[in-house]
Amino acid sequence: RLGRQGDALGCFERAIADAPEFADAHGNRASALMELGRFEEAAAGYERAVALEPNSVGDWLNLGTVLHRLGRHGDAVASYDRVLASHANIPEAHFNRGNVLAHLARYDEALASYDRALAINRRYAEALNARGRVLLELGRIEGAIANVEEALALAPDRLGPLGQMVDTLILR
C-alpha cells in the first residue's frame, strides 16, 4: 500500500508541476502525504488546496484532521468552523470538531458538537461512542453507558472494543 501511495504522490506532483493552480492535485497530494505519515507536508498541501479553492469542504475537513494530529488544535477547530460556517449539515465536521474539543478537555463544547452531529444523523455510531466517552469523563456514567450501548447496537463490527468499556462502566 505504501508503494501505491508513493506512486500516487509522484502522479500528483507531476500534475502540480503541469498545473500549479490545480487545487484538486494539491489536495490529493496532501492526502497521499497524510497516508505516508508526512503530516507537516500534508498540512501545507491542504493549506495550498484551500487557498486555491476556498469552498473545498473535503480539503478543509482533511486539513482539520491533520492539524489535530500535529497538535495544532486551535487551527483544527478553526478549520472545522470554516466548513460549518457554510455547510452546517455535515455531521463529520461536527464530530471531528467535537473530538478536538474533547482532547482539549472542553467537554461541554465537545458534547454540543456531538449533539449537532447526532441531530443530523441519529445513527452516527462514532458520535454516540465519542459522546459516551465525554460523559464518562464528566462522571455521568448512566448517560455514557446508554450512548455506548446505542453505538454498539448500530455498529457492532466497527465498535467492538467498546463492549469492554460498557463492561468497565457497569462494574464501577
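This one's a predicted model, so the numbers in the text were calculated from it and none came from an experiment. (Residues numbered from 1 in each chain as written. Predicted model: local features only at pLDDT ≥ 70, side-chain atom pairs only at ≥ 80, totals over all residues. Heavy atoms only, no water.)

(A) Molecular detail of the overall build of the protein chain. Scanning the protein chain from terminus to terminus reveals ten helices and zero strands. In the protein chain, which comprises 172 residues, the share counted as buried stands at 43%. Across the protein chain, every contact between residues at least 6 apart in sequence was considered, and the portion connecting residues at least 24 apart equals 44%. For the protein chain, the computed accessible surface area is about 8900 Å², with 50% contributed by carbon and sulfur atoms. (Helix = DSSP H or I, 4+ residues; strand = E, 2+ residues; numbered from the N terminus. Buried < 20%, exposed > 50% of the residue type's maximum accessible area, 1.4 Å probe, protein only. Contact = heavy atoms within 4.5 Å. Areas by Shrake-Rupley, 256 points an atom, 1.4 Å probe, with all protein chains shown as cover.)

(B) View of the packing of aromatic side chains. By the definition in use, this model includes two aromatic pairs. Centroid distance phenylalanine 95 to tyrosine 124: 5.1 Å. Interplanar angle 40 degrees. Geometry classified as tilted. Here tyrosine 124 lies in the loop between helix 7 (107-120) and helix 8 (125-137) and phenylalanine 95 lies in helix 6 (residues 91-103), a separation of 29 residues in the sequence. The same class applies to phenylalanine 95 and to tyrosine 124, which are both buried. Members of the aromatic cluster, joined through ring pairs, are Phe95, Tyr114 and Tyr124. (Phe/Tyr/Trp six-rings, centres within 6.5 Å; stacked < 30°, edge-to-face > 60°.)

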